[in-house]
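Okay, here's what each chain looks like letter by letter:
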Amino acid sequence: MNTLKPMHYTDNYLINPTNPITINLIGAGGTGSRMLTELARMNHSLMALGHTGLQVNLYDDDRITQANQGRQLFADTEVGLYKAVALINRTNRFFGTNWKAITQQFSTANLKSLPNRGKANMYISCVDTVSARFDIAKALQDCIGNSSWERNKSLYWLDLGNSRNTGQAFLSTIGEIRQPTSKLYRTVANLPMVTDEFKELLEAQTENKEPSCSLAEALEKQDLFINATLASMGASLLWKLFREGMTAQRGFFLNLSNFRSEPIMVG
């Protein structure tokens, strides 16, 4: 019986890339807008350490309303603009990046019209419907097996989701990631997708796509700090992949009402 601790080693391209790591950030709402800032901080830090950094495409076709302002940090002058455009312009001005805003949904229905046909090294989904998650999973399934030499070879998917006071993050591999031989750990090449591992649980959920009419109504649906906490912890998981080159955790469950988190272990 193998008693070695399960461990996933990061794909080498994330650690020693020849070009910036391409990331598709899907969703610019409460969690996605916070995640964009965390990615910008990560990019700045990685480049200071000699890494090529990140190149982010932010996907969202939604426009800013007054109900978004408290939880998503939009100014009065930005109301009516596309969320993705406002956030990317702000990030590029502050950090000197050249990231892109895509004012379309990331969907299997329009993949061919998206930049690079929707391909990227990493996908981060911050969506609020089950149907969107399954659609993203379907798109990523089509990426499995693309050429190892391809610049935008799809490697990882980090999915973030939350309710009022709770949230979760799941890191998945897109296909298998080649693992080194190890005498210290039991290496795990494949991290299952959330839509496979929790398919029945996701399908049992009911969706509420109705937008909030005010900040007060929005805060009844989601706590003021759940998105920021979830994004920060999710970014920390990605940071481990880049800096430590391995991870024993592939996600976590978070309960902000009692300040507890539970890691999801590899293997």
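To be clear, the structure that these remarks concern was listed above.
Below you will find a few notes about this structure. Each chain carries its own residue numbering, running from 1 in the written order of its sequence. In keeping with the model being predicted, local features are shown solely for residues with a pLDDT of at least 70 and side-chain atom pairs are shown and tallied solely at 80 or more, while totals for entire chains, interfaces and linings include all residues. For side-chain calculations, the full set of non-hydrogen atoms in the structure is used, while hydrogens and water are omitted.

Two strands are said to pair when DSSP picks up at least two bridges between them. In this description a helix means any DSSP run of H or I spanning at least four residues, a strand means any run of E spanning at least two, and both kinds are numbered starting from the N terminus. An order of S4-S3-S2-S5-S6-S7-S10-S11 is seen for the eight strands of this open sheet, with the pairing classed as mixed. On the outer flanks of this sheet lie strand S4 (100-102) and strand S11 (260-265), each paired with one strand and no other. Sheet twist, expressed as the average angle between the axes of neighbouring strands with direction ignored, equals 15 degrees. Across four bridges, the pairing between strand S2 (residues 21-26) and strand S5 (residues 122-125) is parallel. Residue pairing across strands places Ile 26 opposite Ser 125, the latter belonging to S5. For helices, the fitted axis covers only the stretch in contact; all axes are lines through C-alpha atoms, and the angles between them, taken along N-to-C directions, range from 0 to 180 degrees.

With that out of the way, let us pick up the nonpolar core. For our purposes a nonpolar core is just a set of buried Ala, Val, Leu, Ile, Met, Phe, Trp, Tyr and Cys residues, chained together by side-chain atoms within 4.5 Å. Summary of the burial criterion: residues with accessible area below 20% of their type's maximum are buried, those above 50% are exposed, and those between are partly exposed, where the area comes from a 1.4 Å probe applied to protein chains only. Membership of the largest hydrophobic core comes to 45 residues, with the highest contact counts inside it found for Leu 25, Leu 39, Leu 54, Ile 124 and Leu 238. Per-element accounting of this core gives the leading share, eight residues, to helix H9 (residues 226-243). What makes two residues a contact is simply this: any of their non-hydrogen atoms within 4.5 Å. The contact partners of Leu 238, leaving out residues within four places of it in the chain, are Leu 39, Met 42, Met 122, Ile 124, Leu 158 and Leu 171. With 22 residues, the next largest nonpolar core counts Ile 26, Ile 102, Ala 137 and Met 193 among its residues.

A separate point is the sheet that holds strand S9 (residues 246-247). In spatial order, the strands read S8-S1-S9; together these three strands make up an open sheet with mixed pairing. The sheet terminates laterally at strand S8 (185-187) and S9, the two strands that pair on one side only. Here two bridges tie strand S1 (residues 5-9) to S9, and the two strands are oriented antiparallel to one another. Note on S9: the bridge partner recorded for Tyr 9 is Met 246.

Two side chains with opposite charge may pair up if their charged atoms get near one another. Here a salt bridge means any side-chain nitrogen of Lys or Arg lying within 4 Å of a carboxyl oxygen belonging to Asp or Glu. In the structure shown here, the tally under the stated rule is five salt bridges. With a closest N to O distance of 2.9 Å, Glu 38 and Arg 41 form a salt bridge. Residue Glu 38 and its partner Arg 41 are located together in helix H2 (residues 30-48), separated by three residues, close to a single helical turn. In this structure, Asp 62 engages Lys 83 in a salt bridge whose closest nitrogen and oxygen atoms are separated by 3.3 Å. On the criterion of sequence distance, the pair formed by Asp 62 in the loop between strand S3 (54-59) and helix H3 (69-72) and Lys 83 in helix H4 (residues 83-95) is long-range, its members being 21 residues apart. Judged by its relative accessible area of 37%, Asp 62 falls in the partly exposed class.

Take the packing of aromatic side chains next. By convention, a stacked pair of Phe, Tyr or Trp rings (six-membered ring in the case of Trp) has centres within 6.5 Å and planes under 30 degrees apart, an edge-to-face pair has planes over 60 apart, and any other such pair is tilted. Here the structure, examined in full by the defined rule, presents five aromatic pairs. Taking the centre distance of 5.9 Å and the plane angle of 65 degrees together, the rings of Phe 106 and Tyr 123 count as edge-to-face. Residue Phe 106 is located in the loop between S4 and S5, and its partner Tyr 123 is located in strand S5; the two are separated by 17 residues in the primary sequence. Owing to a relative accessible area of 7%, Phe 106 belongs among the buried residues under this scheme. Cluster of aromatic residues (ring-pair linked, three or more members): Tyr 59, Phe 106 and Tyr 123. In this arrangement the basic side chain of Arg 63 is found over the ring face of Tyr 82, its NZ or CZ atom lying 3.9 Å from the centre. Lysine NZ or arginine CZ positioned within 6 Å of the ring centre and within 35 degrees of the ring normal marks a charge as sitting over the ring.

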